[in-house]
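# Inside the fold
The residues making up each chain are set out below.
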Amino acid sequence: MGRIVCKFGGTSVADASQFRRVKAIVESDPRRRVVVPSAPGKRNKQDPKITDLLYLCHDMAAANTDFSGPFNQIRDRYVELEKELVGRDTGMAAVMETFRVEVAAGAPRDFIASRGEYFSGLVMAPFLGAEFVDPADYVVIDGGGCVDPVSYDALGKRMSDPAKLYVMPGFYGRDHHGKVKTFSRGGSDISGAIAARAVMADLYENWTDVSGLLMSDPRIVDNPCHMDLVTYREIRELSYMGASVFHDEAILPVHEAGIPINIKNTNRPEDAGTMIVPKFTDSKYKIAGIAGKKHFSMICIEKSLMNKEIGFGYKVLGALCSHGISYEHCPSSIDTMSIILEDRQIEGKDEQVLEEIRRLVNPDKIELLGDLALVAVVGEELVSTPGMAAVAFDALRAAKINVRIINMGASEMNLIIGVHEADYENAVRALYSAFVKL
Ligand code: ASP
């Protein structure tokens, strides 16, 4: 019998009643053998997330201010969970007191942030009658924040008994020097994927508070359609371009092993959710979805005969690299090259970067244009179906939206369209209605 790895997000472990739902879900299928909890999230709109409170504790302690406000909120939530779920003192108050001393003594930021998941695991493991696995002993995270593949083998050996139930907190591991290190925010999705890969699970279930993914942002599009089936490539593009719910870096570990992902709702476990699969088979719609983001800028460079100049692109991109800037897209034509990057990448450095590019390639013209939003139309069928670009541009023309830049990714399954920020929401709506009607 193959195993299922289940990751439960912050709202799925927000309070004792949610922990009980988790238990019912785990116990309802004997293949669910590895549980990866997040830190408790919001219980209601005003409620803080434990991870945010932990970062606050760190920042207040680092500024030598009294951090007892956020600390007491954290402590009370875990002590309450222990009381409600176990019904007796199992030492949580003492664990929290030790932690308070560690924070006061200047514990590192990542260590403090990681405790949200760690304490969740400490409560979850005895509650489920499972073995606790500390990811700091097995999951190695490199300097760039990515998992080191040695982790799969180590973790796989640690959780090798298919009959046992294991609880491994999400979000953290250790760096190459053995210090606790976290992934980026929302990183418990990555931990779940690593665990699934490590035990070569049949399925990675990602339990959250929605019944799967939607084809567009419901804050922009009214009642967007549900995605039943989507490929890894599609979901990675969509998550990267702003579709929330699933961390874009969580695809890789399971993709490499071909393990399907099922996004499920802890509050409605009977719903099928969204299946994320390796290969495209069929789809009700011509696209998987539409996502997008604001706050981009574009460096536009013009130089006659740029196409003949060997090393032109190398020098321009080298200038970005030397300023530690990462860029998103780089469309070009014979005599022009545009580099699209997030505003925050270039903020405060724009003059120096432009000056360096001028010095390196002596362009006829160079300028930095802001106020750019990117909309991504994503779908495996986008290129193989004639007329898809026409659908997009007709829709934008009808909505009177000026297209500033177009880029079709090398993967040929995403069409990126740049518009003014003020046109962003209208562009998403126009594209969505045009493509779902097909
Ligand atoms: N607790 C972490 C965060 O809030 C990681 C996660 O929940 O996935 O970002």
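Refer to the preceding data block for the structure.
Only a predicted model underlies this, so the values are computations on that prediction, with no experimental measurement involved.

A few words now on helix 3 (residues 68–86). The end-to-end C-alpha distance of helix 3, which contains 19 residues, comes to 26 Å, matching closely the 27 Å that a straight helix rising 1.5 Å per residue would cover. Among all positions of helix 3, only Pro70, Phe71, Ile74, Arg77, Tyr78, Leu81, Glu82 and Leu85 are buried. The buried side chains of helix 3 occupy one side of the element, clustering within an arc of 130° when seen end-on. At the exit of helix 3 stands glycine 87, carrying a positive phi of roughly 80°.

This brings us to the side chain of glutamate 117. Topologically, glutamate 117 is positioned in helix 5 (residues 109–128). Buried within the structure, glutamate 117 lacks any salt-bridge partner; its nearest side chain of opposite charge belongs to lysine 7, at an N-O separation of 7.6 Å. Ignoring anything within four residues of it in the chain, the contact list for glutamate 117 reads Pro37, Ser38, Ala39, Thr51, Pro169, Gly170, Phe171, Tyr172 and Ser188.

Overall, the coordinates contain 25 salt bridges when judged by the stated rule. Close ionic contact of glutamate 205 with arginine 32 constitutes a salt bridge, the shortest N to O distance being 2.7 Å. Here arginine 32 lies in strand 2 (residues 32–37) and glutamate 205 lies in strand 7 (residues 203–208), a separation of 173 residues in the sequence. By the burial criterion, glutamate 205 is buried, and arginine 32 matches it. Ionic pairing is found between glutamate 342 and lysine 293, a salt bridge with its closest N-O pair at 3.9 Å. Of this pair, glutamate 342 sits in strand 12 (residues 336–342) while lysine 293 sits in strand 11 (residues 289–302), and the two are 49 residues apart along the sequence.

The local shell around the ligand consists of Ser38, Thr51, Glu117, Phe171, Arg185, Gly186, Gly187 and Ser188. Here serine 188 contributes a backbone N or O atom positioned 2.9 Å from an oxygen atom of the ligand. Coverage of the ligand by the protein amounts to 91% of the 260 Å² it exposes when considered alone. When each cavity is represented as a set of grid points, the ligand is found to reside in the largest pocket. For the shell around the ligand, the residue count by class is one nonpolar, five polar and two charged.

So, on to the sheet that holds strand 11. If you trace the five strands from one edge of the open sheet to the other, you get 12-11-13-15-14, paired in antiparallel fashion. Edge strands, defined here as strands with exactly one partner in the open sheet, are strand 12 and strand 14 (405–408). Direction aside, the axes of adjacent strands within the sheet are offset by 35° on average. Pairing geometry for strand 14 and strand 15 (residues 414–420), over four bridges, is antiparallel. Within strand 15, the position partnered with asparagine 407 by the bridge is isoleucine 416.

Definitions and cut-offs
Residues numbered from 1 in each chain as written. Predicted model: local features only at pLDDT ≥ 70, side-chain atom pairs only at ≥ 80, totals over all residues. Heavy atoms only, no water. Helix = DSSP H or I, 4+ residues; strand = E, 2+ residues; numbered from the N terminus. Expected span 1.5 Å × (residues − 1). Buried < 20%, exposed > 50% of the residue type's maximum accessible area, 1.4 Å probe, protein only. Arc of directions from axis to C-beta. Lys, Arg positive; Asp, Glu negative; His and termini not counted. Salt bridge = Lys/Arg side-chain N within 4 Å of Asp/Glu carboxyl O. Contact = heavy atoms within 4.5 Å. Near = heavy atom within 4 Å. Polar contact = N/O pair within 3.5 Å; in protein donor to acceptor, adjacent residues only side chain to side chain. Areas by Shrake-Rupley, 256 points an atom, 1.4 Å probe, with all protein chains shown as cover. 1 Å grid on protein atoms, 1.4 Å probe; cavity = no way out; pocket = protein on both sides within 12 Å on 5 of 7 lines; lining within 4 Å. Sits in = over half its atoms within 2 Å of the grid points. Nonpolar A, V, L, I, M, F, W, Y, C, P; charged D, E, K, R; others polar. Pairing = 2+ DSSP bridges. Axes fitted to C-alpha atoms, helices over the stretch in contact; angles between N-to-C directions.

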